[in-house]
Amino acid sequence: MLTIDEACILYEEADSAHDFSHVLRVLALAEHLAEQECADLSIVRTAALLHDLARAEDMEKGLDADRETDHAIIAAAEARRILSGQSEEIVEAVAHAIEAHRFRNGIEPKTIEAKVLFDADKLDAIGAVGTARAFAYGGRHGQPLWADVSENYVPGGDESHTAHHEFHVKLKNVKDRLYTESGRRIAAQRHQFMCAFFEQMAAEVRGER
Ligand SMILES: [Fe+2]
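Fair warning: this is a prediction, and the values are worked out from it, not measured in the lab. (Residues numbered from 1 in each chain as written. Predicted model: local features only at pLDDT ≥ 70, side-chain atom pairs only at ≥ 80, totals over all residues. Heavy atoms only, no water.)

For the chain, the assigned domains read domain 1 (1-104) and domain 2 (125-209). On a C-alpha basis, the centres of domain 1 and domain 2 stand 25 Å from each other. Each partner contributes residues to the interface: domain 1 has twelve residues there, and domain 2 has 14 residues. Taken together, the two surfaces of domain 1 and domain 2 that pack against each other cover about 1100 Å², and 63% of this comes from carbon and sulfur. Area buried by domain 1 at its contact with domain 2 is led by A17, E37 and F103, which between them contribute 40% of it. (Domains from an automatic or database assignment. Contact = heavy atoms within 4.5 Å. Buried area = accessible area lost by both parts, 1.4 Å probe.)

Here it is as structure tokens:
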């Protein structure tokens, strides 16, 4: 089985929202969910350690990433290469979980191990950690600390994007996209905290609290 040290050296340096500490948090969450969901721990662990291996490759493309630049598909191919020598059943189970962890590529997680990895990765985008990541990303990309979100906001339009926009467009919907019961339980708590945070910050910005 792949160790944390062996996985760490496979990763390129990245910003604080997408660095190896994200992988370690996903690993911890995935182990927790795997236990609750009776998923195969070894497949879940290996997939979690390798899932963002190619993240740097589609960071630039963002929403426009296609199959050739989709980090989940590239990482799955890399995982097949790294794990060659192990049984085909294990390799394919890990590769499927990696391929299906991305929201936008339309590959549905079919196995409980893939569902566990998907949920663990999305849980790291919400709650206290998810909020911190959204602000870290915004700081790195020169976004204002705060801006109100207008009713007709369209991502990519004229209105400047902030962590507050990210919350309204994406983060507040994450809890409804999860696959496992135990993932949804953690998400409910994280969601509540995150909503309270943005509500508090909005009130502080208005000078009300
Ligand atoms: Fe990830």
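Glancing now at the packing of aromatic side chains. Tallying each qualifying case throughout the model produces eight aromatic pairs. Geometrically, the ring pair formed by F118 and Y179 is edge-to-face, given 5.1 Å between the ring centres and 85° between the ring planes. Remark: Y179 occurs in the loop between α9 (163-169) and α10 (181-205) and F118 occurs in helix α7 (residues 112-123); sequence separation between them is 61 residues. Judged by relative accessible area, F118 falls into the buried class, the value being 4%. Through a chain of ring-to-ring contacts, the aromatic side chains of F135, W146, F167, F197 and F198 assemble into a single cluster. The residue whose ring lies beneath K122 is F118, and the NZ or CZ to ring-centre distance is 4.7 Å. (Phe/Tyr/Trp six-rings, centres within 6.5 Å; stacked < 30°, edge-to-face > 60°. Helix = DSSP H or I, 4+ residues; strand = E, 2+ residues; numbered from the N terminus. Buried < 20%, exposed > 50% of the residue type's maximum accessible area, 1.4 Å probe, protein only. Lys NZ or Arg CZ within 6 Å of the ring centre and 35° of its normal.)

Within the secondary structure layout, R45 lies in helix α3 (residues 41-50). Ignoring sequence-local partners within four residues, the contact set of R45 consists of M1, I4, L27 and E31.

This next bit is on the coordination of the iron ion. Here the iron ion is held by H22 (NE2), H51 (NE2), D52 (OD) and D121 (OD), and the distances to it run 2.1 to 2.3 Å. Given four donor atoms and angles of 87 to 175° at the metal, the environment of the iron ion is assigned as irregular. Expressed as a motif, the donor residue spacing for the iron ion is H-x28-H-D-x68-D. Residue H51 is located in the loop between α3 and α4 (55-59), and its partner D121 is located in helix α7; the two are separated by 70 residues in the primary sequence. Given the relative accessible area of 0%, H51 is considered buried. (Donors = N, O, S within 2.8 Å, 3.2 Å for Na, K, Ca; no water. Tetrahedral: all angles 85-135°; square planar, octahedral: opposite > 155°, others 65-115°.)

Taken as a whole and judged by the stated rule, the model has 14 salt bridges. When the shortest N-O distance is used, the salt bridge between D70 and R102 registers 3.5 Å. Within this pair, whereas D70 is found in the loop between α4 and α5 (71-82), its partner R102 is found in the loop between α6 (88-99) and α7, the two being separated by 32 residues in sequence. Judged by its relative accessible area of 2%, D70 is buried. Of the residues examined, R102 reaches a relative accessible area of 8% and is grouped as buried. A salt bridge links E181 to R184; the nearest nitrogen and oxygen atoms lie 3.3 Å apart. A residue pair is termed a helical-turn pair when its members lie 3 or 4 positions apart in one helix, as E181 and R184 do in helix α10 at three residues. Judged by relative accessible area, which is 47%, E181 ranks as partly exposed. Exposure remark for R184: the relative accessible area of 35% places this residue in the partly exposed category. Bridged by salt links that share partners, the residues R25, D124 and R133 form one connected network. (Salt bridge = Lys/Arg side-chain N within 4 Å of Asp/Glu carboxyl O.)

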